[in-house]
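# Observations on chain architecture
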Amino acid sequence: MSGHHIVALLKILIAITGASGSIYAQRLLDNLNAEEHEVHLVMSRYAQAVIGEELPDGLRVPKGVMQHSLKSMNAPFASGSNPCDVMAIVPCSMGTLGRIAHGCSDDVLLRAADVTLKERRKLILAPRETPLNLIHIKNMELLLLAGAAIIPANPSFYTRPESLVQLADTVVARILDQMGLPQRLVPRWQEERD
Ligand SMILES: Cc1cc2nc3c(=O)[nH]c(=O)nc-3n(C[C@H](O)[C@H](O)[C@H](O)COP(=O)(O)O)c2cc1C
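Right, let's walk through the structure included here. (Residues numbered from 1 in each chain as written. Predicted model: local features only at pLDDT ≥ 70, side-chain atom pairs only at ≥ 80, totals over all residues. Heavy atoms only, no water.)

In this section: the state of the cysteines. As enumerated under the stated definition, the model contains 0 disulfides in all. Cysteine Cys92 is unpaired, with the sulfur of Cys104 as its nearest cysteine sulfur at 13 Å. (Disulfide = S-S within 2.5 Å.)

Position of Lys11 relative to the elements: it lies in strand E1 (residues 11–16). Here Lys11 occupies a buried position and makes no salt bridge, while the nearest side chain of opposite charge, Glu38, is found at 4.5 Å. If we skip the residues at most four places from it in the chain, Lys11 touches Glu38, His40, Pro76, Phe77, Asn82, Pro83, Cys84, Asp85 and Val86. (Helix = DSSP H or I, 4+ residues; strand = E, 2+ residues; numbered from the N terminus. Buried < 20%, exposed > 50% of the residue type's maximum accessible area, 1.4 Å probe, protein only. Lys, Arg positive; Asp, Glu negative; His and termini not counted. Salt bridge = Lys/Arg side-chain N within 4 Å of Asp/Glu carboxyl O. Contact = heavy atoms within 4.5 Å.)

In this section: the site of the ligand. In the vicinity of the ligand lie 13 residues, with Gly18, Ser44, Ser93, Thr96 and Arg128 positioned nearest. Gly18 is positioned such that a nitrogen or oxygen atom in its backbone is 2.6 Å from an oxygen atom of the ligand. Within the complex, the protein chains bury 69% of what would otherwise be the 640 Å² of accessible surface of the ligand. Looking at the shell around the ligand, the elements that each hand over two or more residues are helix H2 (45–54) and helix H3 (94–101). The element best represented in the shell around the ligand is H3, accounting for 3 residues. Counted by class, the shell around the ligand contains 4 nonpolar, 6 polar and 3 charged residues. (Near = heavy atom within 4 Å. Polar contact = N/O pair within 3.5 Å; in protein donor to acceptor, adjacent residues only side chain to side chain. Areas by Shrake-Rupley, 256 points an atom, 1.4 Å probe, with all protein chains shown as cover. Nonpolar A, V, L, I, M, F, W, Y, C, P; charged D, E, K, R; others polar.)

Next up on the list: the sheet that holds strand E5 (residues 122–127). Ordered in space as E3-E2-E1-E4-E5-E6, the 6 strands form an open sheet in which the pairing is parallel. With one partner strand each, in any of the chains shown, strand E3 (66–68) and strand E6 (149–150) form the two edges of the open sheet. Sheet topology note: the strand E4 (residues 86–92)/E5 ladder contains 5 bridges and is parallel. Its bridge partner being in E5, Cys92 is matched across the sheet by Pro127. Together, E1, strand E2 (38–43), E4 and E5 form the strand contacts of helix H4 (residues 108–118), whose direction differs from that of E4 by roughly 130°. Its contacts with the sheet put helix H6 (residues 164–179) on E1, E4, E5 and E6, and the angle it makes with E5 is roughly 165°. (Pairing = 2+ DSSP bridges. Axes fitted to C-alpha atoms, helices over the stretch in contact; angles between N-to-C directions.)

Of all hydrophobic cores here, the largest spans 32 residues; its most connected members are Ile14, Leu28, Leu32 and Met179. Sorting the residues of this core by element identifies E1, helix H1 (22–30), E2, H2, E4, E5 and H6 as the ones contributing at least two each. Of the residues forming this core, the biggest block, 6 residues, is contributed by H6. With 26 residues, the next largest nonpolar core counts Phe77, Leu109, Leu117 and Met140 among its residues. (Core = buried A, V, L, I, M, F, W, Y, C linked by side-chain atoms within 4.5 Å.)

A few words on the pairing of E5. Counting buried residues along E5, 5 of its 6 residues qualify, which places the element largely inside the surrounding structure. Inspection of the sheet shows E5 paired to E6 by 2 bridges, in the parallel sense. Directly across from Ile124, in E6, lies its bridge partner Ala149. As for the winding sense of the linkage, the β-α-β connection from E5 through helix H5 (residues 134–145) to E6 is right-handed. (Right-handed = clockwise from strand over helix to strand, strands pointing away.)

Turning to the pattern of salt bridges, a few remarks are in order. Under the definition given, this model contains 9 salt bridges. Here Asp114 and Arg111 are joined by a salt bridge, their closest N and O atoms 3.8 Å apart. Linking Asp114 with Arg111, this pair stays in helix H4, spanning 3 residues, or about one helical turn. Each of Arg27, Asp30, Arg60 and Asp169 takes part in one network of salt bridges that share partners.

If you trace the backbone, Thr170 turns up in helix H6. Apart from the residues within four sequence positions on either side, Thr170 is in contact with Pro155, Ser156, Thr159 and Val186.

Let's shift gears to the packing of H1 against H6. With their axes 9 Å apart at the nearest point, H1 and H6 run at an angle of 60° to one another. It follows from the interaxial angle that H1 and H6 lie oblique. Where H1 crosses over H6, the handedness of that crossing is right-handed. When H1 is examined against H6, the residues Ile23, Tyr24, Arg27 and Leu28 are found in contact with a partner set consisting of Leu164, Val165, Ala168, Asp169, Val171, Val172, Ile175, Leu176 and Met179. A breakdown of the residues in the contact of H1 with H6 according to their chemical character gives 11 nonpolar, no polar and 2 charged. (Parallel < 35°, antiparallel > 145°, perpendicular 65-115°, else oblique. Left-handed = near helix turned anticlockwise from the far one by under 90°.)

Dropping the structure here:
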């Protein structure tokens with residue numbers, strides 16, 4: 001092999017669905033290096049509606065991030081021969097969570113989640129709903145048993161966040177940890193501060 005072929009470290013798929021918390025998706029995208037990694041993006045139909053309510057300037061898709069429509073079943077992460085290394089669904093609605101738990105794979109977002117699980121790659125869900133009913137909890141149980149990681153979109157306060165971005169970053173830091181990516185968004189508990 002010769003030439004200067006640059007190989008991305010990780011193939012990452014970010015999926016945004018119609019749960020409250022579009023800011024988490026924005027901050028996750030802002031903190032991924034799309035030059036170092038191959039970063040793909042797919043959004044559910046209702047993600048657009050929630051983004052419209054929650055992000056005054058809409059979603060900023062960083063340069064280098066490749067966006068795909070829900071219908072592009074030939075996207076480069078939708079088949080078992082070509083899975084992503086990590087898929088993170090942020091935020092994850094109860095609808096999407098339930099559809100994945102029950103194998104409904106009728107768009108590329110759901111299909112990619114199914115492929116990620118079956119190929120034993122990392123699937124991370126950041127669900128957001130309150131209160132939870134038994135169906136939500138049983139679906140989460142199924143997903144845990146199938147190998148998914150569930151990081152509830154529950155912000156924490158012990159670092160004394162002073163803005164919505166800082167508050168959102170308390171969740172995004174945990175997602176980056178799960179992805180195996182370095183993050184300095186939030187100091188670790190009892191870590192020395194400068
Ligand atoms: C402004 C807004 C906020 C919503 N927040 C939530 C939420 O926090 N959690 C949730 O499960 N669904 C929430 N929904 C409902 C979902 O968008 C709805 O169930 C949708 O069918 C989910 O589809 P999707 O998973 O394909 O995005 C919200 C809807 C709107 C319009």
